[in-house]
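Summary of the model geometry
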Amino acid sequence: MSVHKSPLFLRIVFVLAIFIMLFVSALTYRHVESITKSSDMVAHSYKVTVEIEQLYTNIKDLEIERRNFLLTNNDKLPSQIKFSKSIIKHNIKNLKELTKDNPKQLYLIKKAEKLIAEKFKIVDYALKNYKTLSRNNIKSNLLQGKKVMERLSNVINEMLLLEKKLLIVRDEKNDSLTDSTPTVIYITLFTTIAIISLAFVKISRDLEETRLNNEQLALNNESNNLAEQIGEYGTWFLNLETNEYTFSENEYRLLGVEPYSFKASLEDFLKYIHPEDLKYVQDVSSNMVNQDKLIPFTYRIIRADGQLRYLRGNGKTVTNKSGEKILIGTTSDVTDEVVANKSIEERNIELEANNKELQAFNYVASHDLQEPLRKIQTFISRLIDKDLNSVSESGQQYLLKIQDSSERMRLLIDDLLQFSRTNKAEKVFESTCLNELLENAKHELTQIIEDKNAIITSDSLPHLNVIPFQIQQLFTNLINNSLKYGKENVAPIIDIKVSEVKASDEIEIPVNDQSKYYKIIFSDNGIGFDPQYSKKIFLLFNRLHNKDEYSGTGIGLAICKKIMDNHKGFIFAEGEQNVGAKFTIYLPFS
């Protein structure tokens, strides 16, 4: 049929094309609207999850602050505890607002709120009565807090699990909408183009195109078969109208049999399922005919050669051009993934056990070791004060050496605890004025600064997102290092300079990009050190001087290095004997 012979046909095609284009526009608009709404729901779930995790983090911070207060009686902690309580109340308020349309989540929030109120009572009791609390009372209070934390953790986990399930549903819905969008648009557009093209293209060209398409289809089928073998997956189809199965070649190979060695059917496939998983797979199979999308599920099979393998099934229902509903599914061999996950789980259990051992070590170092050490120091001090003259000259020397050794042991325990603290997982970054942290560090060292008539000058330091107590410890260690290794009879001069730099412009920084850093230099006029020790100086327990000449444990600068690692920054040392030392730190902008 030519164009000139069939003007009516062309008009019909033109009108039909316009109708299809209008339909596509309406369908696209509705689809985009659905995707936008679905994306908003996914974002809402993420927001709820983040708020729940923030609530749990703040509760753990409150517990840590309470424990630290009971153990140290630090007068700064009550205000921090009060602030943490207000943040937790704000978290609860936000969660109620975010989940006001979710009765299950609101119920869990109320449970958490009751436990938090109980937690607040325990904290308030400790704050109010800490001066009169005995050791047993403190232990009891800590135990009560721990029990409440365990119950709170369970409730928080329930809340996260509930939101995770909701997120999975919303993600699947969003993915389904997103995946189907190009399919709907392209199929409709291609149909429109095909209808218009029929009026202008000869039948012979249509036949040629059909032949080429058939060749391409055969090539695609061969490619799919090869891809299935390489990817270790198979495909299957279930016609929901006729209840007939079709298996790809590799679907058979996954079972350890030759392709098409038996008729594709659920009954024959179930023969290879592990007996313990058979009931589970049967239940999923009976339910999948009523689902538009099959939720991925994992099960075990025993291959024909006796091997145990893990398979994962997945599927989706589509409607073909004949109006028949077809369930298209894939079966993947995930044995390596499952084995790897089990290995990771075992490793996590091992790591958790190691963490518990480290926590036990910290407890021993902070209690069981320090308590007898304090007694040793007390008794030695009394012997020296009261009975030193009644002991022989060699005995006096022994007593004085014992006193020095016990003091070094106390410093070593304190520094080890400080180093352990910089390795803790709870690294809470806060926007902080570094000038305040520097002043706090100088305040800690006031007595030494005054005794040595030290002069400390500093540029104005920036606001940064840091772990405040760690950066303060960094400043304290660097200043104390300069004071300790000052020249005899010479007042220490410590100068602190700050500048903004790019990583690409600094030779010391091991990355070469446009990242920005604050470069802070601590320089002094002390005894310095041999440049060959510039890198070894940050090693744990490394000392450049005899312990009788200068006190210390060799841990302070190792702590500084660990603090910079925690902040994704860098620290370097330069020294010249009898001239001074210079420590350069690089803190990233964010």
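Residues numbered from 1 in each chain as written. Predicted model: local features only at pLDDT ≥ 70, side-chain atom pairs only at ≥ 80, totals over all residues. Heavy atoms only, no water.

**What to know about the overall build of the protein chain**
The condition is simple: Here a strand is any run of E in DSSP of at least two residues, a helix any run of H or I of at least four, and the numbering for each starts at the N terminus. Relative accessibility decides the category of a residue: with a 1.4 Å probe and only protein chains considered, values under 20% of the type maximum give buried, values over 50% give exposed, and everything between is partly exposed. Contact criterion: two residues are considered in contact whenever any of their non-hydrogen atoms come within 4.5 Å of each other.
For the protein chain, the helix and strand inventory stands at 15 helices and twelve strands. Within the protein chain, the proportion of its 590 residues that are buried is 35%. Partitioning the contacts of the protein chain with sequence separation of at least 6, the portion at a separation of at least 24 is 65%.

**Here we look at the confidence of the model for the protein chain**
Formally: pLDDT expresses how confident the predictor is about each individual residue, on a scale running from 0 to 100.
Overall, the predicted model of the protein chain reaches an average pLDDT of 79, with 81% of residues at or above 70. Counted against residues more than four places away or in other chains, residues 1-7, with its pLDDT under 50, gives five contacts. In this model, residues 545-552 is a region of pLDDT below 50 whose contacts with residues beyond four sequence positions or in other chains number 14 contacts.

**Side note on the nonpolar core**
Cut-off, in case you're wondering: Side-chain atoms within 4.5 Å link the members of a nonpolar core, which is a set of buried Ala, Val, Leu, Ile, Met, Phe, Trp, Tyr and Cys residues.
Counting residues in each nonpolar core, the largest one holds 37 residues, and the members touching the most others are Leu434, Leu474 and Phe475. The set of elements that each furnish at least two residues to this core consists of helix H12 (434-444), strand S8 (463-466), helix H14 (468-484), strand S9 (493-502), strand S10 (516-524), helix H15 (556-566), strand S11 (570-576) and strand S12 (580-588). For this core, the element with the most residues is H14, which contributes six residues. Apart from the residues lying within four places of it in its own chain, the contact partners of leucine 474 are Cys560, Ile563, Met564, Ile571 and Ile585. Among the nonpolar cores identified, the runner-up in size contains 26 residues, and Leu55, Phe69, Leu77 and Ile88 belong to it.

**What to know about the pattern of salt bridges**
Spelled out, the test is: Salt bridges are defined by distance alone: a side-chain nitrogen of Lys or Arg within 4 Å of a carboxyl oxygen of Asp or Glu.
On inspection of all chains with the given rule, the structure shows 21 salt bridges. In this structure, lysine 279 engages aspartate 283 in a salt bridge whose closest nitrogen and oxygen atoms are separated by 3.0 Å. Within this pair, lysine 279 and its partner aspartate 283 are both found in helix H8 (residues 275-288), separated by four residues, close to a single helical turn. Overlapping salt bridges, with partners in common, bring together Glu63, Arg67 and Lys119 in one network.

**Here's the deal with the environment of leucine 327**
Along the chain, the position of leucine 327 falls in strand S5 (residues 325-333). Here leucine 327 falls in the buried class, since its relative accessible area comes to 0%. Distance from leucine 327 to glycine 315, taken between C-alpha atoms, is 6.6 Å for residues twelve residues apart in sequence. Setting aside residues up to four positions removed in sequence, leucine 327 forms contacts with Trp236, Phe237, Leu238, Leu240, Met288, Gly315, Lys316 and Thr317.

**Focus on the environment of alanine 503**
Mapped onto the fold, alanine 503 is located in the loop between S9 and S10. Remark: the alpha-carbon pair of alanine 503 and tyrosine 586, spanning 83 residues in sequence, is separated by 9.4 Å. Beyond its immediate stretch of four places on either side in the chain, alanine 503 contacts Ile509, Val511, Asp513, Ser515 and Tyr517.

**Remarks on empty space enclosed by the protein**
Operational definition: Lining residues are defined by having an atom within 4 Å of a point belonging to a cavity or pocket. Those points lie on a 1 Å grid over the protein atoms alone, cavities being sets where a 1.4 Å probe fits but cannot get out and pockets being open sets with protein on both sides within 12 Å along at least five of seven lines. Grid points are joined across faces, edges and corners, and a volume is the space filled by probe spheres set on the points. Note on residue categories: nonpolar means Ala, Val, Leu, Ile, Met, Phe, Trp, Tyr, Cys or Pro, charged means Asp, Glu, Lys or Arg, and polar means any other residue, Gly included.
As enumerated under the stated definition, the model contains one cavity of 30 Å³ or more in all. In this model, the largest cavity occupies a volume close to 170 Å³. Counting only elements with at least two residues in the lining of the largest cavity, the list comes to strand S2 (244-247), helix H7 (266-270), H8 and strand S3 (293-302). Among the residues forming the lining of the largest cavity, the class breakdown is eleven nonpolar, four polar and one charged.

**A few points about the sheet that holds S9**
We apply this condition: The rule for pairing is simple: two strands pair if DSSP sees at least two bridges between them. Helix axes are fitted to C-alpha atoms over the stretch in contact, other axes to C-alpha atoms as well, and angles between N-to-C directions run from 0 to 180 degrees.
Reading across from one edge, S7-S9-S10-S12-S11 is the order of the five strands in this open sheet, with mixed pairing throughout. Of all strands in the sheet, those bounded by a partner on one side alone are strand S7 (455-458) and S11. Averaged over all pairs of adjacent strands, the angle between strand axes in this sheet comes to 15 degrees, irrespective of strand direction. Looking at chain direction, S9 and S10 are connected through nine bridges and run antiparallel. Directly across from lysine 497, in S10, lies its bridge partner isoleucine 521.

**Regarding the side chain of asparagine 58**
Tracing the backbone shows asparagine 58 in helix H1 (residues 7-72). The exposure class of asparagine 58 is buried, given its relative accessible area of 9%.

**Examining the packing of aromatic side chains**
Put simply, the rule reads: Only Phe, Tyr and Trp rings take part, Trp by its six-membered ring, and two of them pair if their centres are within 6.5 Å. Stacked means planes under 30 degrees apart, edge-to-face means over 60, and tilted covers everything else. Note on criteria: charge over ring means Lys NZ or Arg CZ within 6 Å of the ring centre, with the direction from the centre no more than 35 degrees off the ring normal.
Using the criterion set out here, one finds 14 aromatic pairs in the structure. Plain terms: the ring middles of tryptophan 236 and tyrosine 245 are 6.3 Å apart, the flat faces sit at 45 degrees to each other, and that makes the pair tilted. Classification of tryptophan 236 as buried rests on a relative accessible area of 7%. An aromatic cluster is defined as three or more aromatic residues linked by ring pairs; in this entry it consists of Trp236, Tyr245, Phe247, Tyr252, Tyr260, Phe262, Phe269 and Tyr272. For the cation-ring pair, lysine 85 lies above phenylalanine 120, with the distance from its terminal atom to the ring centre recorded as 5.1 Å.

**Things to note about the sheet that holds S2**
Ordered by their spatial adjacency, five strands build an open sheet running S2-S1-S5-S4-S3, and the pairing between neighbours is antiparallel. Each end of this open sheet is capped by a strand with a single partner; those strands are S2 and S3. Each strand of the sheet is rotated relative to its neighbour by a mean of 20 degrees, with strand direction disregarded. By the bridge criterion, four bridges tie strand S1 (residues 233-239) to S2 in an arrangement that is antiparallel. Within the sheet, the bridge partner assigned to phenylalanine 237 lies in S2 and is threonine 246. Lying on the sheet, H8 is in contact with S1, S2, S3 and S5; it crosses S3 at an angle near 155 degrees.

**Observations regarding the packing of helix H2 (residues 77-98) against helix H3 (residues 103-129)**
Note the cut-off: Any angle from 65 to 115 degrees is called roughly perpendicular, while one under 35 is roughly parallel, one over 145 is roughly antiparallel, and all others are oblique.
Packing of H2 against H3 brings their axes to within 11 Å, and their N-to-C directions diverge by 170 degrees. Taken together, the axes of H2 and H3 are roughly antiparallel relative to one another. Note on element contacts: H3 touches H2 through Leu106, Ile109, Glu113, Ile116, Phe120, Val123, Asp124 and Leu127, opposite Pro78, Ile81, Lys85, Ile88, Lys89, Ile92, Leu95 and Lys96. Class assignment of the residues belonging to the contact of H2 with H3 gives a composition of eleven nonpolar, no polar and five charged.

**Considerations on H12**
The line we're drawing: For this quantity, the arc is that covered by the directions from the helix axis to the C-beta atoms.
Within H12, the full set of buried residues consists of Leu434, Leu437, Leu438 and Ala441. Down the axis of H12, the sector holding all buried residues measures 100 degrees, keeping them to one side. Exposed positions of H12 whose direction lies more than 90 degrees from the buried face are Glu436 and His443.

**Things to note about the side chain of serine 153**
Rules: Counting of polar contacts relies on pairs of N or O atoms within 3.5 Å, with two restrictions inside protein: one atom must be capable of donating a hydrogen and the other of accepting it, and residues adjacent in sequence are counted only when both atoms are side-chain atoms.
Mapped onto the secondary structure, serine 153 falls in helix H4 (residues 135-198). Look at serine 153 and you get buried, because its relative accessible area is 17%. In terms of polar contacts, serine 153 uses its side chain to reach the side chain of tyrosine 56, at 3.2 Å.

**Let's talk about the pairing of S12**
Burial of S12 is extensive: eight of the nine residues sit out of reach of the surface. Across seven bridges, the pairing between S10 and S12 is antiparallel. Residue isoleucine 521 lies in a different strand from S12, and its bridge partner there is threonine 584. The turn linking S11 back onto S12 is made up of three residues, and asparagine 578 within it adopts a positive phi angle of 65 degrees.

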